[in-house]
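Residue strings, one per chain:
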Amino acid sequence: MNIPSLLQKMHEEKTLSAKQLNYLLDIHKKKLFSVHQELRFSFYAGILLVIAGLGLTIKQYFAQLGDIAIIGSLTAGSLASFIYCFAKGNSYSHKEVASPNIAFDYILFFGCTLYSMDIAYSETQFHVLGNLWNNYLLASFVLFLFLAYRYDNRVVLSLALSTLAAWFGFTVTESRFSFQEYHRLYAIAYSCLTLLIGIFLYRLAVKKHFFDIYLNFATHFLFVALLSGVIHYKLFSLYFLCFLAACVILVLYSLRTKRFLYMLYAIIYGYIGISIVGLDIIRRNTFLVLTYFIVTSLAVIVLIFSLSRKFKENA
Amino acid sequence: MKFCLYTSEQEENIFTRKKAKTWRRSGLITEQQLRIMEECTNPGVSQTNVFFRLLFFVFTCVCASAIIAFVLWLANFNNRVGEATTLIFFSITFYFLAEYLIRNRFFYRYGIEEALSIASMTSLVIGCGLLMDNWRIDNQLAVIIICLLLAISAFWIYLRFGFLYSILISIIALCIIPFQLSLPATGERLFLLFILFLILLISLIFDKPEIADFQKEKTTIIQACLLAAIYVTINLRIFDLAKLYFRDIGINQQPYAGFPPYLYWISYLLTFLIPIGGLYWGIKSRRRMIINVSLLAAFVTLSTNKDYLGLKHSAWDPAIMGLLLIALSILIKRWLTQGPNKTRDGFTAENILKPESHGINLADIGAALTPGFIESQQPVAPTEKFFEGGKSGGGGSSRDF
């Protein structure tokens with residue numbers, strides 16, 4: 001049945017009001033066409049491009065521009081963004097608050113990024129805190145976390161959590177991927193801390209909708225750390241036990257909340273981890289390796305199939 | 001003649017259900033109304049969520065590849081013909097298994113049947129490749145035959161199963177052919193454009209107003225992809241931009257990108273005309289994908305403008321482009337909001353239909369990568385030179401202890 005005939009039928013059966021019928025038909029026939037998502041995207045892309053352009057210009061021309069001009073303009077830009085947000089922002093609520101306008105979220109993000117650039121530039125040039133420069137990151141994390149909660153901004157919360165990760169020593173600019181023992185432990189500590197903050201605020205019913213962001217950050221950091229431990233220590237290690245426990249917990253959480261993104265994470269990470277250990281035991285026996293992949297992939301298919309059926313029945 | 005394993009009614013019902021869910025998510029209908037809509041549009045197929053679909057797809061691919069590898073290893077063929085025959089045998093098996101799952105288990109975008117059909121197509125192409133290698137067919141000819149075979153098999157899968165990505169695979173396979181004909185660069189591009197325009201023309205012919213909504217959506221996506229492919233073929237400086245992104249700033253631009261000057265300037269003109277034309281077409285026919293692709297093409301046109309004119313890129317170019325995007329967004333938003341009922345000719349900046357949320361989105365990921373970018377863009381502080389400024393000269397009397 002196509003949309004117009006379904007809507008018409010429902011209207012005739014009096015299960016759909018005339019107002020709803022006309023509105024939905026207008027949307028369906030594209031007489032009403034929203035470009036909201038496109039405008040949001042172009043605004044966000046614009047902000048990212050401005051940040052990229054500023055970063056590149058400062059890197060290339062910092063000697064010609066001078067410290068005062070750079071720090072002054074970055075400070076002014078960031079202050080202007082924050083003042084705009086303080087002036088225009090809606091009042092705080094523990095629940096989800098809609099942005100006052102399409103650009104608001106990204107202006108706040110822009111302000112936070114300019115602030116980060118300002119601090120990073122000042123520290124790189126003047127070494128004010130010397131070896132303690134890392135504390136800037138912690139202070140930035142606190143500020144961003146506050147702003148994210150005050151203005152209900154998911155993008156700034158992501159920025160806050162990645163700033164915290166940077167404080168723990170993780171960056172995405174490393175040209176060579178290496179995961180030493182201390183990286184593992186820091187990553188585990190980071191994910192536990194992130195998860196604890198997320199759970200704590202969730203339990204307090206403060207911006208419950210933010211919990212997914214915490215969980216995503218925590219999940220990836222934890223699994224990458226544990227996987228690297230499994231690669232290094234294989235079967236007989238605490239890493240493998242923790243890895244299995246983490247997979248089981250994530251699967252249970254996914255089943256309980258019916259958020260299947262976490263099931264995807266648990267199964268993919270779990271399969272990789274178990275395969276690393278399994279293939280290490282099998283070693284170079286081609287017969288066993290190929291049989292392993294056939295049997296395990298079939299087992300996973302059967303498992304997911306039964307789960308998908310179960311959820312369909314429950315629904 | 002109908003090739004598809006699903007009826008039009010089934011596909012239309014699935015499409016309607018999808019729209020109904022979006023309306024519910026956006027608060028336009030009640031839960032009760034959604035239930036009524038779902039009762040009226042039972043497609044009679046088995047579906048699953050996107051995450052399970054992805055898992056099914058990945059693990060079926062792993063399983064299919066492992067089975068083929070296992071049989072090849074067990075058989076231990078000493079010739080290409082044996083390997084090729086095995087692959088073709090599996091190709092046929094996987095194909096009929098996919099058909100069986102749809103006919104008997106009523107799978108619809110379940111992941112398993114998709115992986116089986118892709119595995120079938122891949123093993124057929126590899127099997128035929130091995131056969132051609134065995135028969136010592138000229139490499140260039142072999143690649144052309146393989147591309148044709150891939151295009152035909154992918155197109156058949158699209159017709160039979162309706163997987164949109166398989167028609168895109170088919171188009172990509174066809175697009176490789178002009179580069180195997182030892183033509184000059186101009187000939188290659190013109191032949192490629194001929195193929196793309198031909199496919200676009202065919203899709204426009206079949207794109208009639210009376211076709212079902214689900215088909216309209218599919219056609220729009222195909223046309224948007226073709227528009228993007230035509231644009232990429234026409235823009236002769238697009239790869240220079242890619243090189244710039246990978247920091248290959250030292251590249252010396254070839255004059256006229258290695259093409260005759262008249263073609264170069266025609267292509268320059270077309271890089272402006274295609275986005276404008278696409279935007280006009282998209283706005284007139286209200287096709288979101290066409291509008292988005294045209295806007296993206298316009299963005300690339302502005303980014304490659306300096307390359308076309310032989311000018312050097314500046315560090316602040318992205319910032320100017322960003323400011324332009326922001327200004328345009330604000331202007332369009334304001335213009336739309338000031339219209340009657342916050343609309344202009346049906347276009348509105350209001351958030352009517354909310355997209356599905358899975359907990360984290362691209363904007364969040366972009367923000368998470370920002371600290372890394374900021375760190376990478378920090379200039380190296382000039383180190384104090386010890387022997388400058390007379391600090392060490394004269395016993396270094398001016399330097400503090």
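As the structure is a computational prediction, the values presented were derived from the model and not from experiment. (Residues numbered from 1 in each chain as written. Chains lettered and ligands numbered in written order. Predicted model: local features only at pLDDT ≥ 70, side-chain atom pairs only at ≥ 80, totals over all residues. Heavy atoms only, no water.)

**Observations concerning the overall build of chain A**
Reasoning step 1: Secondary structure assignment for chain A yields 12 helices and 1 strand.
Reasoning step 2: The order of α-helices and β-strands along chain A, N terminus first, is α-α-β-α-α-α-α-α-α-α-α-α-α.
Reasoning step 3: On C-alpha atoms alone, chain A measures out to a radius of gyration of 25 Å, which is more than a quarter above the 20 Å that the 2.2 N^0.38 rule sets for 315 residues.
Reasoning step 4: Based on the C-alpha atoms only, the size of chain A along its principal axes is roughly 70 × 65 × 40 Å.
Reasoning step 5: Relative to its 315 residues, chain A shows a buried fraction of 50%.
Reasoning step 6: A separation of at least 24 residues holds for 65% of the contacts in chain A among residues at least 6 apart in sequence.
Reasoning step 7: Accessible surface, chain A as shown: approximately 15,700 Å² in total, 68% of it carbon and sulfur. (Helix = DSSP H or I, 4+ residues; strand = E, 2+ residues; numbered from the N terminus. Rg over C-alpha atoms; globule rule 2.2 N^0.38 Å. Buried < 20%, exposed > 50% of the residue type's maximum accessible area, 1.4 Å probe, protein only. Contact = heavy atoms within 4.5 Å. Areas by Shrake-Rupley, 256 points an atom, 1.4 Å probe, with all protein chains shown as cover.)

**Quick notes on the nonpolar core**
Grouped burial of nonpolar side chains is what soluble globular proteins tend to show.
Reasoning step 1: Grouped together as the largest cluster of nonpolar side chains are 132 residues, with contacts concentrated most on Phe109, Leu157 and Tyr214 of chain A.
Reasoning step 2: The contact partners of Tyr214 of chain A, leaving out residues within four places of it in the chain, are Leu145, Tyr149, Leu157, Leu161, Thr194, Ile197, Gly198 and Leu201 of chain A. (Core = buried A, V, L, I, M, F, W, Y, C linked by side-chain atoms within 4.5 Å.)

**Description of the side chain of Thr219 of chain A**
All names here are of chain A.
Reasoning step 1: Looking at the secondary structure, you find Thr219 in helix H9 (residues 211-233).
Reasoning step 2: Polar contacts involving the side chain of Thr219 include one to the main-chain carbonyl oxygen of Leu215, which spans 2.5 Å.
Reasoning step 3: Sequence-distant contacts of Thr219, that is, excluding residues within four places in its chain, are made with Leu250 and Tyr265. (Polar contact = N/O pair within 3.5 Å; in protein donor to acceptor, adjacent residues only side chain to side chain.)

**Re the domain arrangement of chain A**
Reasoning step 1: By the assigned domains, chain A splits into domain 1 (1-33), domain 2 (35-171) and domain 3 (180-278).
Reasoning step 2: Placing a centre on the C-alpha atoms of domain 1 of chain A and another on those of domain 3 of chain A gives a separation of 45 Å. (Domains from an automatic or database assignment.)

**Things to note about the packing of aromatic side chains**
Reasoning step 1: Following the criterion strictly, the structure yields 49 aromatic pairs over all chains and no others.
Reasoning step 2: Taking 6.1 Å as the distance between ring centres and 40° as the angle between the ring planes, the aromatic pair formed by Phe287 of chain A and Trp73 of chain B counts as tilted. Within this pair, whereas Phe287 of chain A is found in helix H12 (residues 286-314), its partner Trp73 of chain B is found in helix H3 (residues 50-75), the two belonging to separate chains.
Reasoning step 3: Its relative accessible area of 37% is what places Phe287 of chain A among the partly exposed residues.
Reasoning step 4: Ring pairs connect the aromatic residues Trp167, Phe168, Phe170, Tyr186, Tyr190 and Phe221 of chain A, which therefore count as one cluster.
Reasoning step 5: Sitting over the ring of Tyr108 of chain B, Arg109 of chain B keeps its end group 4.4 Å from the ring centre. (Phe/Tyr/Trp six-rings, centres within 6.5 Å; stacked < 30°, edge-to-face > 60°. Lys NZ or Arg CZ within 6 Å of the ring centre and 35° of its normal.)

**Structural notes on the side chain of Gln10 of chain B**
Reasoning step 1: Structurally, Gln10 of chain B is set in helix H1 (residues 8-25).
Reasoning step 2: At a separation of 3.2 Å, a polar atom in the side chain of Gln10 of chain B contacts the main-chain carbonyl oxygen of Pro43 of chain B.

**Points about the environment of Thr348 of chain B**
Reasoning step 1: With respect to the element layout, Thr348 of chain B can be found in strand E2 (residues 347-348).
Reasoning step 2: Among the residues examined, Thr348 of chain B registers a relative accessible area of 2% and is labelled buried.
Reasoning step 3: Here the alpha-carbon distance between Thr348 of chain B and Gln47 of chain B, two residues 301 residues apart in the chain, equals 34 Å.
Reasoning step 4: Apart from the residues within four sequence positions on either side, Thr348 of chain B is in contact with Leu32, Phe33, Ser34, Val35 and His36 of chain A together with Leu336, Lys342 and Thr343 of chain B.

**Remarks on the sheet that holds strand E1 (residues 343-344) of chain B**
Reasoning step 1: As summarised here, the arrangement of the 3 strands in space is E1(A)-E2(B)-E1(B), forming an open sheet in which the pairing is mixed. Where the open sheet ends on each side, the last strands, each with one partner, are strand E1 (33-34) of chain A together with E1 of chain B.
Reasoning step 2: In this structure, E1 of chain B lies alongside E2 of chain B, joined through 2 bridges in antiparallel fashion. Its bridge partner lying in E2 of chain B, Thr343 of chain B is registered against Thr348 of chain B. (Pairing = 2+ DSSP bridges.)

**Thoughts on the interface of chain B and chain A**
Reasoning step 1: Facing the 90 residues of chain B at the interface are 92 residues of chain A.
Reasoning step 2: Between chain B and chain A, the buried area comes to about 8,000 Å², and carbon and sulfur atoms account for 72% of it.
Reasoning step 3: On the chain B side of the interface with chain A, the three residues burying the most area are Phe52, Phe59 and Pro379 of chain B, jointly 8% of the side's total.
Reasoning step 4: Viewed at the interface, chain A and chain B are joined by 2 salt bridges.
Reasoning step 5: Ionic pairing is found between Glu38 of chain A and Arg288 of chain B, a salt bridge with its closest N-O pair at 3.0 Å.
Reasoning step 6: For the pair chain B and chain A, the interface holds 21 residue pairs in polar contact (both at pLDDT 80 or more).
Reasoning step 7: Secondary-structure elements contributing two or more residues to the side of chain B that touches chain A are H1, helix H2 (31-40), H3, helix H12 (288-309), helix H13 (317-337), E2 and helix H14 (362-376) of chain B.
Reasoning step 8: Sorting elements by how many residues they give to the side of chain B that touches chain A places H3 of chain B first, with 14 residues.
Reasoning step 9: A breakdown of the residues in the side of chain B that touches chain A according to their chemical character gives 53 nonpolar, 26 polar and 11 charged.
Reasoning step 10: Bridge count between E1 of chain A and E2 of chain B: 2 bridges; the pairing is parallel. Within E2 of chain B, the position partnered with Phe33 of chain A by the bridge is Phe347 of chain B. (Buried area = accessible area lost by both parts, 1.4 Å probe. Salt bridge = Lys/Arg side-chain N within 4 Å of Asp/Glu carboxyl O. Nonpolar A, V, L, I, M, F, W, Y, C, P; charged D, E, K, R; others polar.)

**Some thoughts on unusual backbone geometry**
Reasoning step 1: With a phi angle near 60°, Ala205 of chain A is a residue other than glycine that sits in the positive phi range.
Reasoning step 2: On the secondary structure map, Ala205 of chain A appears in the loop between helix H8 (181-203) and H9.
Reasoning step 3: With phi around 45°, Arg109 of chain B is a residue other than glycine that occupies positive phi space.
Reasoning step 4: Its location among the elements puts Arg109 of chain B in the loop between helix H4 (80-105) and helix H5 (112-134).

**Looking at the confidence of the model for chain B**
In low-pLDDT regions, the fine details of the predicted coordinates are not to be read closely.
Reasoning step 1: Within chain B, residue pLDDT values average 89, and 92% of them lie at 70 or more.
Reasoning step 2: The low-confidence segment residues 384-401 of chain B, where pLDDT is below 50, has 11 contacts with residues more than four positions distant or belonging to other chains. (pLDDT = per-residue confidence, 0-100.)

**So, the packing of H4 of chain B against H5 of chain B**
Residues and elements named next belong to chain B.
Reasoning step 1: Closest axis-to-axis distance for the H4/H5 pair is 7 Å, and the angle between their directions is 160°. In terms of orientation, H4 lies roughly antiparallel with respect to H5. H4 and H5 meet at a crossing whose hand is left-handed.
Reasoning step 2: In the contact of H4 with H5, the residues fall into 18 nonpolar, 6 polar and 4 charged. (Axes fitted to C-alpha atoms, helices over the stretch in contact; angles between N-to-C directions. Parallel < 35°, antiparallel > 145°, perpendicular 65-115°, else oblique. Left-handed = near helix turned anticlockwise from the far one by under 90°.)

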